[in-house]
Amino acid sequence: MTDTTTEIMVGPVDEIPLGEGRTFVVGDERVAVFRTRSGQLFAVQAECPHKRGPLADGLLGGTMLICPLHSWKFDLRSGDALMGDCGLRTYAVRVDESGQIVVSV
Amino acid sequence: MQKQNLVVIGNGMAGARAVEEILARGGAEQFEICMFGDEPYGNYNRILLSNVLNGSQSESEIYLNPLDWYRENGITLHAGVQADSILRKSKCVLGCDGTIEAYDKLIVATGSRSHIPPISGLTLENRQYKPGLFVFRTLEDCREIAEYARERGRAAVIGGGLLGLEAARGLQNFGVAVDVIHLGPHLMGQQLDAPAGAILKASIEKLGIGIHLSRNTTAVLGEDRVTGLAFDDGTTLAYDMVVIATGITPNAEIAKRCGLKVERAIVVDDHMRSVDDPDVYAVGECAQHDGRVYGLVSPLWEQAKVLADQITGRNPGAEYHGSKIATKLKVMGIEMASLGVPEPQDERDEIVQFTEPKKGTYKKLIIRDGRLTGGILLGDIGKAAYLMQAFDRGTPLPEDRLALLFDIGAPAKKLSLEDMAADAQICNCNGVSKGAIVGCVKSGKRSPKAVMDATRAGTGCGSCKSAITELVEWACGGEVEEDPSVHYYVPGVPLTKPELIRACREQNLKSVSAVFEALAGGIEDAASKPGLASLLNTIWPGEYEDQRDARFINDRVHANIQKDGTFSVIPQIPGGVTSPAQLRRIADTAEKYQVPMVKLTGGQRIDLLGVKKEDLPKMWRDLDMPSGYAYAKRYRTCKSCVGTEFCRFGVGDSTSLAIKIERELQGLDSPAKLKLATAGCPRNCSEAMVKDAGAVAVEGGKWEIYVGGAAGAHVRKGDLLCVVDSHEAVIQYIGRFIQYYRENAKYLERTYGFVQRIGIEKIRAVVVEDSEGIAARLDEELLKASAAYRDPWKEAFLPATPNQFASLLPVIQ
Ligand code: SRM
Ligand SMILES: Cc1cc2nc3c(=O)[nH]c(=O)nc-3n(C[C@H](O)[C@H](O)[C@H](O)COP(=O)(O)OP(=O)(O)OC[C@H]3O[C@@H](n4cnc5c(N)ncnc54)[C@H](O)[C@@H]3O)c2cc1C
Ligand code: SF4
Ligand code: FES
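The shown structure was predicted, so the numbers you read here are calculated from the model rather than taken from an experiment.

Asker: Hey, could you run me through the overall build of chain A in this one?
Answerer: A count of helices and strands for chain A gives zero helices and eleven strands. Reading chain A from its N terminus to its C terminus gives the helix and strand order β-β-β-β-β-β-β-β-β-β-β. For chain A, with 105 residues in total, the buried portion stands at 54%. For chain A, the exposed surface amounts to about 4700 Å²; the carbon and sulfur share of it is 46%.

Asker: Help me out: how do you make sense of unusual backbone geometry in this one?
Answerer: Residue and element names in this part refer to chain B. Within the chain, Ser214 stands out as a residue other than glycine whose phi angle is a positive 50°. Within the secondary structure, Ser214 sits in the loop between strand S14 (210–212) and strand S15 (217–221). In this structure, Gln604 is a non-glycine residue whose phi angle is positive, near 65°. Considering the arrangement of structural elements, one finds Gln604 in the loop between strand S32 (597–600) and strand S33 (606–611).

Asker: Teacher, can you tell me more about the packing of helix H1 (residues 13–24) of chain B against helix H9 (residues 297–311) of chain B here?
Answerer: Two quantities define a packed helix pair, namely the angle between the axes and the distance from one axis to the other. Residues and elements named next belong to chain B. Axis separation between H1 and H9 bottoms out at 8 Å; the angle between their running directions is 40°. Comparing their axes, H9 and H1 come out oblique. Judged by the sense of rotation from one axis to the other, the crossing of H1 with H9 is right-handed. Every residue of H9 that contacts H1 at Met13, Ala14, Arg17, Ala18, Glu21 and Ile22 is listed here: Val297, Leu300, Trp301, Ala304, Lys305, Leu307, Ala308 and Ile311. Class assignment of the residues belonging to the contact of H1 with H9 gives a composition of eleven nonpolar, no polar and three charged.

Asker: Is there a simple way to explain the interface of chain B and chain A in this structure?
Answerer: A common way to state how big an interface is: give the accessible area lost once the parts meet. Across the contact, 34 residues belong to chain B and 31 residues belong to chain A. In total, about 2500 Å² of surface goes out of reach between chain B and chain A, with carbon and sulfur atoms giving 55% of it. It is Asp549(B), Arg556(B) and Leu809(B) in chain B that bury the most area against chain A; as a group they hold 21% of the surface buried on that side. Linking chain B to chain A there are three salt bridges. Across the pair Asp549(B) and Arg37(A) runs a salt bridge whose closest N-O atoms are separated by 2.7 Å. Taken together, the connections running from chain B to chain A amount to ten residue pairs in polar contact (both at pLDDT 80 or more). Elements supplying a minimum of two residues to the side of chain B that touches chain A: helix H17 (529–539) and helix H18 (553–557) of chain B.

Asker: Which parts of the structure should I look at to understand the pattern of salt bridges?
Answerer: Oppositely charged side chains can pair when the atoms bearing their charge come close. Residues and elements named next belong to chain B. In this structure the tally under the stated criterion is 54 salt bridges over all chains. In this structure, the salt-bridge partner of Asp692 is Arg750, at a minimum N-O distance of 3.0 Å. In this pair, Asp692 sits in the loop between strand S35 (674–679) and strand S36 (693–698) while Arg750 sits in the loop between helix H22 (727–744) and helix H23 (751–758), placing the two residues 58 residues apart along the sequence. For the pair Asp692 and Arg750, one class covers both residues: buried. A cluster of three or more residues bridged by salt bridges with shared partners is formed by Arg17, Glu20, Glu21, Arg25 and Asp309.

Asker: Quick question: what am I supposed to make of the sheet that holds strand S26 (residues 361–368) of chain B here?
Answerer: Backbone hydrogen bonds hold the strands of a sheet together, and the pairing may be parallel or antiparallel. All names here are of chain B. Here five strands make up an open sheet; going across it, the order is S23-S24-S27-S26-S25 and the pairing antiparallel. Every other strand in the sheet has two partners, leaving strand S23 (326–331) and strand S25 (350–356) as the edge strands with one partner each. On average, adjacent strands in this sheet sit at an angle of 10° to one another, irrespective of strand direction. In this sheet, strand S24 (residues 334–340) lies alongside S23 in antiparallel orientation, the contact comprising six bridges. In the sheet register, Val331 faces S24, and the bridge partner there is Ile334.

Asker: Would you explain the confidence of the model for chain A in this entry?
Answerer: Regions with low pLDDT carry predicted coordinates that are not meant to be interpreted in detail. Summary statistics for chain A give a mean pLDDT of 91 and a share of 97% for residues scoring 70 or more. Confidence, read as mean pLDDT per element, is least for strand S8 (residues 81–83) of chain A in chain A (83) and greatest for strand S4 (residues 41–45) of chain A (97).

Asker: Whenever I open this one, the site of ligand 1 confuses me. Can you help?
Answerer: All names here are of chain B. Around ligand 1 sit 21 residues in total, of which Gln562, Thr601, Gly602, Arg605 and Lys673 are the nearest. Note that an oxygen atom of ligand 1 is positioned 2.7 Å from one of the side-chain N or O atoms of Asn560. One nitrogen or oxygen atom from the side chain of Asp607 is found 3.0 Å from an oxygen atom belonging to ligand 1. Looking at side-chain class alone, the shell around ligand 1 contains five nonpolar, eight polar and eight charged residues.

Asker: How should I be thinking about empty space enclosed by the protein in this particular structure?
Answerer: This structure, assessed with the given rule, holds three cavities of 30 Å³ or more. Of the voids in this model, the largest cavity is the one considered here, and its volume is about 40 Å³. As for the largest cavity, its lining consists of Glu20(A), Arg22(A), Ala56(A), Asp57(A), Ile553(B), Arg556(B), Val557(B), Lys613(B) and Gln804(B). At three residues, the largest contribution of residues to the lining of the largest cavity is made by H18(B). Here the residues of the lining of the largest cavity are counted per class, giving three nonpolar, one polar and five charged.

Asker: Explain the nonpolar core here, please?
Answerer: In a soluble, globular protein the nonpolar side chains are often hidden away together inside. Residue and element names in this part refer to chain B. One finds Leu106 and Ile107 to be the most contacted residues of the largest nonpolar core, which totals 57 residues. Take this core: its biggest share by element is eight residues, from H9. Each residue touching Ile107, except ones within four places of it in the same chain, is listed here: Leu6, Val7, Val8, Ile9, Ile22, Tyr281, Val283, Leu307 and Ile311. Membership of the second largest hydrophobic core comes to 45 residues, among which are Tyr148, Val243, Ile334 and Leu378.

Asker: Could you clarify how one ought to interpret the sheet that holds strand S1 (residues 7–12) of chain A in this entry?
Answerer: Residues and elements named next belong to chain A. Ordered in space as S1-S11-S10, the three strands form an open sheet in which the pairing is antiparallel. The open sheet has two free edges, formed respectively by S1 and strand S10 (93–95), since each of these has just one partner strand. When the angles between neighbouring strand axes are averaged without regard to direction, this sheet yields 25°. Sheet topology note: the S1/strand S11 (residues 100–104) ladder contains five bridges and is antiparallel. Counted as the bridge partner of Glu7 is Ser104 from S11.

Asker: Just checking my understanding: could you explain the pairing of strand S3 (residues 29–35) of chain A for this structure?
Answerer: For a regular strand, side chains alternate in direction, first toward one face of the sheet and then toward the other. Residues and elements named next belong to chain A. In terms of burial, S3 is a largely internal element, five of the seven residues being buried. One ladder, built from seven bridges, connects strand S2 (residues 20–26) with S3; its direction is antiparallel. Each bridged residue has a counterpart across the sheet, and for Thr23 the counterpart in S3 is Ala32. As consecutive antiparallel partners, S2 and S3 are separated by two residues, and within that stretch Gly27 has a phi angle of approximately 60°, a positive value.

Procedures and definitions
- Residues numbered from 1 in each chain as written.
- Chains lettered and ligands numbered in written order.
- Predicted model: local features only at pLDDT ≥ 70, side-chain atom pairs only at ≥ 80, totals over all residues.
- Heavy atoms only, no water.
- Helix = DSSP H or I, 4+ residues; strand = E, 2+ residues; numbered from the N terminus.
- Buried < 20%, exposed > 50% of the residue type's maximum accessible area, 1.4 Å probe, protein only.
- Areas by Shrake-Rupley, 256 points an atom, 1.4 Å probe, with all protein chains shown as cover.
- Axes fitted to C-alpha atoms, helices over the stretch in contact; angles between N-to-C directions.
- Parallel < 35°, antiparallel > 145°, perpendicular 65-115°, else oblique.
- Left-handed = near helix turned anticlockwise from the far one by under 90°.
- Contact = heavy atoms within 4.5 Å.
- Nonpolar A, V, L, I, M, F, W, Y, C, P; charged D, E, K, R; others polar.
- Buried area = accessible area lost by both parts, 1.4 Å probe.
- Salt bridge = Lys/Arg side-chain N within 4 Å of Asp/Glu carboxyl O.
- Polar contact = N/O pair within 3.5 Å; in protein donor to acceptor, adjacent residues only side chain to side chain.
- Pairing = 2+ DSSP bridges.
- pLDDT = per-residue confidence, 0-100.
- Near = heavy atom within 4 Å.
- 1 Å grid on protein atoms, 1.4 Å probe; cavity = no way out; pocket = protein on both sides within 12 Å on 5 of 7 lines; lining within 4 Å.
- Points joined across faces, edges and corners; volume = space filled by probe spheres on them.
- Core = buried A, V, L, I, M, F, W, Y, C linked by side-chain atoms within 4.5 Å.

Below you can see the structure in the form of structure tokens.
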């Protein structure tokens, strides 16, 4: 099976405050997009693999994310779990020339 | 020196532990080690199979020695290979797959298997167990039970001992209706007596599990799979599956076949050596010492130590003299401790007993000649640590028998850490003593986690974790710090609280990111953010530069997150006093937003639960009440009784005092939650003595102020700070105490921990007697902080960040 990815524009980058995340519906998927204090963007699955905690409500520090419900920890760069059993699905994300967030699903 | 060959048969808890103990004594220099393990993996924690079955832990979490461990330690492991026979003349072991391993020394650690009672109809014609019939001993059993249990209606567990009850609880997890069938007249006959068994039965039945006592199962029914059970009274019951948990049979056949003395298990001497062959040792459930075979892990640890001392020659004087069985167990979430025998053995035995069946509490001690010989604690095991130690060491008991069962009166007479003997056992699953933990701390492991990793203390059932944490803190304190990180205020900034405060003041650091930049090399640590935000707000009242990403979600949206990502709304109701108009408004709002649950809280307010994030600001606007802060590490609420307003006993006006306190302290942030209460007389209906701070009115127009009380995860009666004679004085001293706590407590340290750590005398000296001359400053700081209060629900009209209350953003195309 070959995966085809589609780029979808989800909104202006300043919809997401620095150091926080927001959840977007992208195509058929719910994606949490984070904006670190240093301005990097990351996109991962919206729900925690543990008990579906809303990851966009988590605490972000550098590229480390802590789930708000039971504190599983993830590295947003790879999606790997730093504490917990299972990692996150990641998505490519960028900001285009006009300041719009573009997620590939 | 030529290494000797050491072969170990059995790679379970005792075998692997014996090898660890041997390695710890430099055994790798002496021996070439080879192990046979029937099960195709490394060694895992069998105790935790119950958790795997009930779904609270995953398989991967219970490994003690993963396969890498064997490789790293140069041990040859024949995983999945059963040892078939021992040839003692030619000194070798034959594996079922044809492997031959020669030995100089041999350890048999084959454990045991499930005992199968004489019941007919267990097997099909091919002599396999009928589908639907299981035992519960290995990871494999666990998987098979789990697989079969899905989509079954009814299950029975035969055997009402520890294992059977754990199996029943695990099965419940799959949605099947479970019965426990027990031969004896009461549950857990080995650990409990009849009254305790009856209380346990009632508690378990409440969980929806059926219990059949004095039932003798004679047959498993069903042609090609299990359909039910038949009993000796002629009755039958229908079941889709059956788990047998009626005890254990030691795996001693392999030893018997090679001519070693086997009675109930392999007979060993005080060196854990077979009585027939000086080169063969046995350890664990397959060993019988002094007529006894043990079925719990802590004796096995003692045996493994003696065995290792002997086999390596490290301590030729080491001897095993049997184990006194004192264990804490958790059965279906019900805590119990069992010490020695459950029944008196002799007329001389004195019994001290307490029963409160409604609460599921039962306590019984058996005392002979002033020393403990047995006992049971069920439901409330608060005194277990002290009693287990007294039992283990045979220390004479204090005359006051009642105090053995209860903590009476004010500060609990806890055995202080200092007084505790070095060999007192802290972790009863892994047999780790106070001495071992302190030693580990001394060797440089200075966080509870590092100590737990190194000693395995706390990694079994976990019930001793808090004791370990206390002990590690105690062992770290007051010494030269080799590893100061345990004293950092937050993990990500390498400074203690006083150092951090000084640095922030000196360098004028007013935001969380400025702190990371200046004091942590620019590296942000997510877990440290809320603690820093709280501290900065305390240091810079009104000036702190708030960064929303530094807040936990509750503090970003001023509501408590729920398990499904919705939130709860708890408006302020000072002193618990409300009005029909307010109630009407709450009711209308709840209806308008279809709030799934409206609940009166334990803090005398009303909780609207299950609210969507985007509805929060709308509801706050409609409610038009300030936030009750039921979600934050801040002042929460001050409960009150009705006091002189209406009560015929009231001697002080508690309601208006509570309301004034709330006006003064509302929204005040602090290292942890602050819950207060005021009571109009010593009947104390608002529980003011078990609050972070409480005021109790007494005759003569006076108020007693208590601080450091708790009745949550910990229970502690507050310490009397002082007695004053006006509302104003109550507010002043409570406020000053709180400011002192805000400045000096660790992050998340509740007042019950803080007051205990600092000591009430010291606190009284500072707060009441002004021994440090800081009282005026404390008052002033608090005043500044309370002036900075702003109701966060006003953000309903002016959100602080973009999309602050959106749970999902629409796509703009
Ligand atoms: C709603 C309420 C239970 C109820 O239905 O009555 C409640 C609900 C929660 N309590 Fe509580 N506690 C509630 C009264 C209490 C009380 C009784 C009291 O306040 O008088 C206690 C014992 C007193 C104390 O605080 O020690 C209490 C001791 C705890 C604890 C244990 C704290 C401790 O250190 O001992 C926690 C856990 C924690 O803080 O880490 C906790 C944590 C929680 C949390 C916040 C768990 C969470 O993180 O989600 C629950 C939030 C539910 C929600 O979304 O609203 N709750 N909780 C009560 C709200 C009172 C209020 O109006 O503010
Ligand atoms: C579900 C469950 C819950 C428990 N809960 C508790 C508790 O809360 N507290 C407590 O103290 N105890 C508890 N126990 C008991 C505890 O697990 C045992 O006492 C302990 O595991 C015994 O250790 P052992 O090494 O003697 O036997 P085992 O751990 O059974 O190890 C023996 C190993 O040897 C292997 N073996 C056997 N024969 C051969 C052979 N011929 N060749 C190769 N390998 C062989 C077996 O496959 C097994 O892996 C529990 C047990 C179970 C099953
Ligand atoms: S006791 Fe408190 S924390 Fe525990 S479930 Fe109830 S509300 Fe939640
Ligand atoms: S739901 Fe994320 S840690 Fe539990």
